Amino acid sequence: MKYTQLGRTGLQVSRLVLGTMNFGPQTEEAESHAIMDAALDAEINLFDTANVYGWGENKGRTEEIIGNWFAKGGGRRDKVVLATKVYGNMAATDDAVWPNHHKLSALNIRRAVEASLRRLKTDHIDLYQFHHVDRNTPWEEIWQAMDVLVQQGKVLYVGSSNFAGWHIAQANETAARTGRLGLVSEQCKYNLIERRAEMEVIPAARGYGLGVIPWSPLNSGLLGGVLRKERENPGRRSSAALANSPELRERIQAYEDLLDKRGLEPGEVALAWLLAQPGVTGPIIGPRTADQLDSALRAVELELGEELLTALDEIFPGPGPAPEAFAW
């Protein structure tokens, strides 16, 4: 495994991030534990989760599965850089939320971190991430709440997820005024198909020294050889996105044809492309099986070359930098 520093920090993290969203809803606890063991054996050290994973009536279940894995011992917790998130309503349905039981008020941050620590069976969270921006809570309050957690040793670093570029700037300018470290990472949806983050989010992250951790690197499987899988299994249900967009289907076909000629696997190339992008710490992989983890690991050693990178840009062009992308 290759490692890099997380943004401007001294924290060393793996170039692949183990995403755990499937643990519970799609992957049973025993297999989830096996996948985490395999990830650790492959020297992946950054594990990402969220307090709401498990979804619906099972929110928090994913953190519990991870906590049970830590409880097995063997140095598991000590070897893992643990990242989880706060913001979402932990009630079974969104309309059942009680006041102050979601978002980023100081009260909810305190409540949420204590609950996550219990589920995760640990005394601290290495990277505590805001799952979404809270437009109603001032950053002064949010940073004051995080200061308490850092002083108590319950949180070490703070990151964001799904922030706009100006949210990153607002958060870190507020932090800088009072000598705080501020955000050190941003999780955003970023892949060959969805490249809007290149306009402002990624430049803002790089400008403020945040590591970029892309989620959905295969765009819900569209970059994982979806058309080939359709041909191999005619009864396979087509993606709604492809069914509704002939233009996208044409681009995906061109993508798969390009890689077939070179004997490359689409999913591995999609991950390798992200690893080649400036500012990217490592994409989040969400394997449901050990075989999917093995495929993702091969992407770390895959060198795409300038010719292939140019060809990929031609199939999936980026938006270009701001403000040029939308100004003219």
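One structure accompanies this document, and this report is about it. Given the structure is predicted, the values throughout are model-derived calculations rather than measurements.

## Considerations on the overall build of the protein
- Broken down by element type, the protein carries 14 helices and ten strands.
- Taken over the C-alpha trace, the protein has a radius of gyration of 20 Å; the compact-globule value for 328 residues is 20 Å, and the two agree within 12%.
- Expressed along its principal axes, the backbone C-alpha trace of the protein runs to roughly 55 × 50 × 40 Å.
- For the protein, with 328 residues in total, the buried portion stands at 51%.
- Across the protein, every contact between residues at least 6 apart in sequence was considered, and the portion connecting residues at least 24 apart equals 76%.

## Quick notes on the pairing of strand E7 (residues 155-161)
- Counting buried residues along E7, five of its seven residues qualify, which places the element largely inside the surrounding structure.
- Taken together, the five bridges between strand E6 (residues 125-130) and E7 define a ladder with parallel strand orientation. Residue pairing for E7: Tyr128 is matched across the bridge by Val158.
- With respect to chirality, the unit in which E6 leads through helix H5 (residues 139-151) into the neighbouring parallel E7 is right-handed.
- One crossover worth recording links E7 to the parallel strand E8 (residues 183-189) by way of helix H6 (residues 165-177), and it is right-handed.

## Regarding the pattern of salt bridges
- Counting across every chain of the model gives 17 salt bridges.
- When the shortest N-O distance is used, the salt bridge between Lys154 and Glu114 registers 2.4 Å. Placement of the pair is Lys154 in the loop between H5 and E7 and Glu114 in helix H4 (residues 106-120), with a sequence separation of 40 residues.
- Note on Glu114: relative accessible area 26%, which makes it partly exposed.
- As a salt-bridge pair, Arg195 and Asp313 come within 2.9 Å of each other at their nearest N and O atoms. Taken together, the residues span a long stretch of sequence, with Arg195 in the loop between E8 and helix H7 (201-207) and Asp313 in helix H13 (residues 305-315) at a distance of 118 residues.
- Salt bridges sharing common partners tie together Glu29, Arg61 and Glu64.

## Side note on the environment of Leu149
- By the element assignment, Leu149 lies in helix H5.
- Beyond its immediate stretch of four places on either side in the chain, Leu149 contacts Ile109, Val113, Tyr128, Lys154 and Val155.

## Some words on the pairing of E6
- Of all six residues making up E6, six are buried, and the element is well covered by its neighbours.
- Relative to E6, strand E5 (residues 81-86) is paired through four bridges, and the arrangement is parallel. Looking across to E6, one finds that Ala83 is bridged to Leu127.

## Focus: the packing of aromatic side chains
- For the coordinates displayed, the defined rule picks out nine aromatic pairs.
- Relative to Phe163, the ring of Trp139 lies with its centre 6.1 Å away and its plane at 65 degrees, an arrangement referred to as edge-to-face. Here Trp139, found in helix H5, pairs with Phe163, found in the loop between E7 and H6; they are 24 residues apart in sequence, far enough to count as distant.
- Put simply, the rings of Phe130, Trp139, Trp143 and Phe163 pair up and form one aromatic cluster.
- Over the face of the ring belonging to Phe70 we find Arg77, whose NZ or CZ atom lies 5.4 Å from the ring centre.

## Regarding the nonpolar core
- Core analysis: the largest hydrophobic core is formed by 58 residues, its most contacted members being Ile109, Tyr128, Phe130, Met146, Ile252, Tyr255 and Leu312.
- Contacts of Tyr128, omitting those with residues within four sequence positions, involve Thr84, Lys85, Val86, Ile109, Ala112, Val113, Met146, Leu149, Val155, Tyr157, Val158 and Gly159.
- Core analysis: the second largest hydrophobic core is formed by 23 residues, Phe23, Ile35, Met36 and Ile285 among them.

## Remarks on the packing of H5 against H6
- It is the contact of H5 with H6, at a shortest axis distance of 10 Å, that shows an interaxial angle of 65 degrees. Along this stretch, H5 crosses H6, giving a crossing that reads as right-handed. Packed against H5, whose contacting residues are Trp139, Glu140 and Trp143, the element H6 presents Gln170, Ala171, Asn172, Thr174, Ala175 and Arg177 at the interface.
- The class makeup of the residues in the contact of H5 with H6 is four nonpolar, three polar and two charged.

## Observations concerning the sheet that holds E5
- The sheet built from eight strands is open, its strands ordered E9-E8-E7-E6-E5-E4-E3-E10 with parallel pairing. The strands lining the two open edges of the sheet, one partner per strand, are strand E9 (211-215) and strand E10 (284-285).
- For E8 and E9, the ladder comprises five bridges, and the chain directions are parallel. Residue pairing across strands places Glu186 opposite Val212, the latter belonging to E9.
- Lying on the sheet, H5 is in contact with E6, E7 and E8; it crosses E7 at an angle near 145 degrees.

## Regarding the layout of surface pockets
- By volume, the largest pocket amounts to about 1,200 Å³.
- As for the largest pocket, its lining consists of 45 residues, and the residues nearest its centre are Leu218, Ser220, Gly221, Gly286 and Arg288.
- Looking at the lining of the largest pocket, the elements that each hand over two or more residues are helix H8 (226-232), helix H11 (266-275), E10 and helix H12 (290-298).
- Broken down by element, the lining of the largest pocket gets its largest block of residues, five residues, from H12.
- Of the residues contributing to the lining of the largest pocket, the split by class is 14 nonpolar, 19 polar and twelve charged.

Parameters and conventions
Residues numbered from 1 in each chain as written. Predicted model: local features only at pLDDT ≥ 70, side-chain atom pairs only at ≥ 80, totals over all residues. Heavy atoms only, no water. Helix = DSSP H or I, 4+ residues; strand = E, 2+ residues; numbered from the N terminus. Rg over C-alpha atoms; globule rule 2.2 N^0.38 Å. Buried < 20%, exposed > 50% of the residue type's maximum accessible area, 1.4 Å probe, protein only. Contact = heavy atoms within 4.5 Å. Pairing = 2+ DSSP bridges. Right-handed = clockwise from strand over helix to strand, strands pointing away. Salt bridge = Lys/Arg side-chain N within 4 Å of Asp/Glu carboxyl O. Phe/Tyr/Trp six-rings, centres within 6.5 Å; stacked < 30°, edge-to-face > 60°. Lys NZ or Arg CZ within 6 Å of the ring centre and 35° of its normal. Core = buried A, V, L, I, M, F, W, Y, C linked by side-chain atoms within 4.5 Å. Axes fitted to C-alpha atoms, helices over the stretch in contact; angles between N-to-C directions. Left-handed = near helix turned anticlockwise from the far one by under 90°. Nonpolar A, V, L, I, M, F, W, Y, C, P; charged D, E, K, R; others polar. 1 Å grid on protein atoms, 1.4 Å probe; cavity = no way out; pocket = protein on both sides within 12 Å on 5 of 7 lines; lining within 4 Å. Points joined across faces, edges and corners; volume = space filled by probe spheres on them.

Geometry only, nothing functional implied.
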